[in-house]
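Survey of secondary and tertiary structure
So you can see what is in the structure, the chains are spelled out below.
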Amino acid sequence: MTNATHPDALATHAIPGRVDIEQSPLGGPVARLTSGRFQALVVLHGAQVLNWTCDGRGLLWLSPIARIRDGKGIRGGIPVCWPWFADHPTDPTKPAHGFVRHRAWSLAGTRATADSASISLATATTEADRQLWPHQAEVRVTVTLGETLAVALETRNTDASPFPLTQALHTYFRVGDIGDVSVSGLEGRTYLDKLDGFARKTQSGAITVTAEVDRIYLGDTSSITLHDHGSDRRILIEGTGSRSAVVWNPWTAKTARLGDMGSPEAFRQMICVETANAGDDIVTLGPGQTHTLGVTYRLAA
Ligand code: TA6
């Protein structure tokens, strides 16, 4: 089946009650995945997961003023940062977090089993992209919803030479209040502190947030737990294909600068824990090679 972007073609991928294709209130097509108590919304724009719910309770944070606009990212959910993470390494005029989150991807496939529902979205670099990134690649995001939410970001080098790749699944988690949150699993890890000139520091104990935090943790970052003490729940975060993870909360000043968080205090209901290839963790992909950055989220009471 060809990759679909047109609504009629999208409809052919629907699996009623498991993968329903709808029109998102943010504008643009959205797939609603359903599996038991869980649902997930995935828009074609940026191949972005917008929400993940259990018994109707939202587990991801999405700005109340989020919109789908061509050439722009969506604030919240799981933005796909590719083919570079954060600022471009040499050209600050290029868009932060790359360019594939700013456009519609095509629907490559859907699948439902007794235990899960999944969707695959695809995009590829274009001639126009070469001014931003002088390489050729195909990219696929597969979202699988069951008792867990799994996201896989696969890159295939379709060029004749190797290229460097940094990337992230830039996940915004909803929390009761940032003051009642901690992140464990990164104790003792080295991190680059973006707020202190990327100084190398060591994490002591669990991470708590009482001001802006913007850190790239390095090394074994494959097993992280987000503790939302206020909501009495934990989210277990298992990464693959990754040796780095980012923890970010904008706090008050950056929230004001961003301007699309929805309210000055919005930062109190979110924290980003991002599974990445960032900082020292750069992937070099040879011609014809593929790399998959993956993450699985499990809700634990
Ligand atoms: O991952 C953290 C970060 O790099 C922060 O520095 C902040 O810029 C955040 O990403 C959001 O970036 P965006 O381009 O989506 O506003």
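Residues numbered from 1 in each chain as written. Predicted model: local features only at pLDDT ≥ 70, side-chain atom pairs only at ≥ 80, totals over all residues. Heavy atoms only, no water.

Turning our attention to the packing of aromatic side chains. Working definition: an aromatic ring pair is given by the centre-to-centre distance plus the angle between the planes. If you walk through the whole model with that rule in mind, you get 11 aromatic pairs. When the ring of W61 is compared with that of Y172, the centres are 5.7 Å apart and the planes differ by 25°; the resulting orientation is stacked. A residue pair is termed long-range when its members are at least 10 positions apart, and W61 in the loop between β5 (57–58) and β6 (80–81) and Y172 in strand β13 (residues 172–174) qualify at 111 residues. Overall, Y172 belongs to the buried group, its relative accessible area being 2%. Taking 5.0 Å as the distance between ring centres and 40° as the angle between the ring planes, the aromatic pair formed by Y191 and Y217 counts as tilted. With Y191 in strand β15 (residues 190–193) and Y217 in strand β17 (residues 213–218), this pair connects stretches of sequence that are 26 residues apart. Y217 matches Y191 in its accessibility class, with the two residues each being buried. Here the aromatic residues W82, W84, F99, W133 and F163 are joined through ring pairs into a cluster of three or more. (Phe/Tyr/Trp six-rings, centres within 6.5 Å; stacked < 30°, edge-to-face > 60°. Helix = DSSP H or I, 4+ residues; strand = E, 2+ residues; numbered from the N terminus. Buried < 20%, exposed > 50% of the residue type's maximum accessible area, 1.4 Å probe, protein only.)

Around the ligand lies a shell of 13 residues, among which R75, R101, K194, D214 and E274 are the nearest. Within the side chain of R101, an N or O atom sits 2.8 Å from an oxygen atom of the ligand. In this structure, E274 approaches the ligand through a side-chain N or O atom, which is 2.9 Å from an oxygen atom. In a pocket analysis with a 2 Å cut-off to the grid points, the ligand is assigned to the largest pocket. For the shell around the ligand, the elements supplying multiple residues, two or more each, are β20 (244–249) and α2 (251–258). Class assignment of the residues belonging to the shell around the ligand gives a composition of five nonpolar, two polar and six charged. (Near = heavy atom within 4 Å. Polar contact = N/O pair within 3.5 Å; in protein donor to acceptor, adjacent residues only side chain to side chain. 1 Å grid on protein atoms, 1.4 Å probe; cavity = no way out; pocket = protein on both sides within 12 Å on 5 of 7 lines; lining within 4 Å. Sits in = over half its atoms within 2 Å of the grid points. Nonpolar A, V, L, I, M, F, W, Y, C, P; charged D, E, K, R; others polar.)

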